[in-house]
Amino acid sequence: MLRVKVIKGVPDVVIALEGSLDMGTGEALQRAVDELNLNRIHSLTFSLSGLEIIDSTGIGQLIGYHRALSQRNGRVYLENDNAEIEEILGLIGVREILRS
């Protein structure tokens, strides 16, 4: 299960994620972001500290948001103090693309 909470709204959005971001739960994140309208967002920060699991589908979503906002001169940031999630992000190179 994934809990998605929009903490701060447009144009500088903060979204807190809790639970699992994977193939089975990514739709919940997609719905929340769709409601925000990417055309109106300058920056999108994902707080990952509440995540227990993230798989390649979830990582792909985050990178997809990065690409979409980059085309509009926007930015995506990741906030995270979960050591296990941070290790995964570092090992596969996400941290080279998305910074804190």
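Computed from a predicted structure; not experimentally measured. (Residues numbered from 1 in each chain as written. Predicted model: local features only at pLDDT ≥ 70, side-chain atom pairs only at ≥ 80, totals over all residues. Heavy atoms only, no water.)

## Side note on the sheet that holds strand S1 (residues 2-8)
Picture the strands of a sheet paired through backbone hydrogen bonds; they go either parallel or antiparallel. Taken in spatial order, the four strands of this open sheet run S1-S2-S3-S4, and their pairing is mixed. Edge positions in the sheet fall to S1 and strand S4 (75-79), since each has one partner strand and no second. The mean angle between the axes of side-by-side strands here comes to 20 degrees, regardless of whether they run parallel or antiparallel. By the bridge criterion, five bridges tie strand S3 (residues 43-54) to S4 in an arrangement that is parallel. By the bridge assignment, Ser47 is partnered in S4 with Glu79. Sheet contacts for helix H2 (residues 56-70): strand S2 (12-21), S3 and S4; angle to S3, the most-contacted strand, approximately 175 degrees. (Pairing = 2+ DSSP bridges. Helix = DSSP H or I, 4+ residues; strand = E, 2+ residues; numbered from the N terminus. Axes fitted to C-alpha atoms, helices over the stretch in contact; angles between N-to-C directions. Contact = heavy atoms within 4.5 Å.)

## Concerning the side chain of Asn80
Within the element layout of this structure, Asn80 appears in the loop between S4 and helix H3 (83-91). Residue Asn80 is classed as buried on the basis of its relative accessible area, which comes to 18%. A polar atom in the side chain of Asn80 sits 3.0 Å from the backbone nitrogen of Asn82. Only 2.8 Å separates the side chain of Asn80 from the side chain of Glu86, close enough to count as a polar contact. When sequence neighbours within four positions are dropped, the list of residues in contact with Asn80 reads Leu48, Ser49, Ile85, Glu86, Leu89 and Arg95. (Buried < 20%, exposed > 50% of the residue type's maximum accessible area, 1.4 Å probe, protein only. Polar contact = N/O pair within 3.5 Å; in protein donor to acceptor, adjacent residues only side chain to side chain.)

## What to know about the pattern of salt bridges
Scanning all chains against the criterion turns up three salt bridges. As a salt-bridge pair, Glu18 and Arg3 come within 3.3 Å of each other at their nearest N and O atoms. Of this pair, Glu18 sits in strand S2 while Arg3 sits in strand S1; the two residues are 15 residues apart in sequence, bridging distant segments of the chain. Glu18 sits in the partly exposed class, given a relative accessible area of 37%. Residue Arg3 is classed as partly exposed on the basis of its relative accessible area of 38%. (Salt bridge = Lys/Arg side-chain N within 4 Å of Asp/Glu carboxyl O.)

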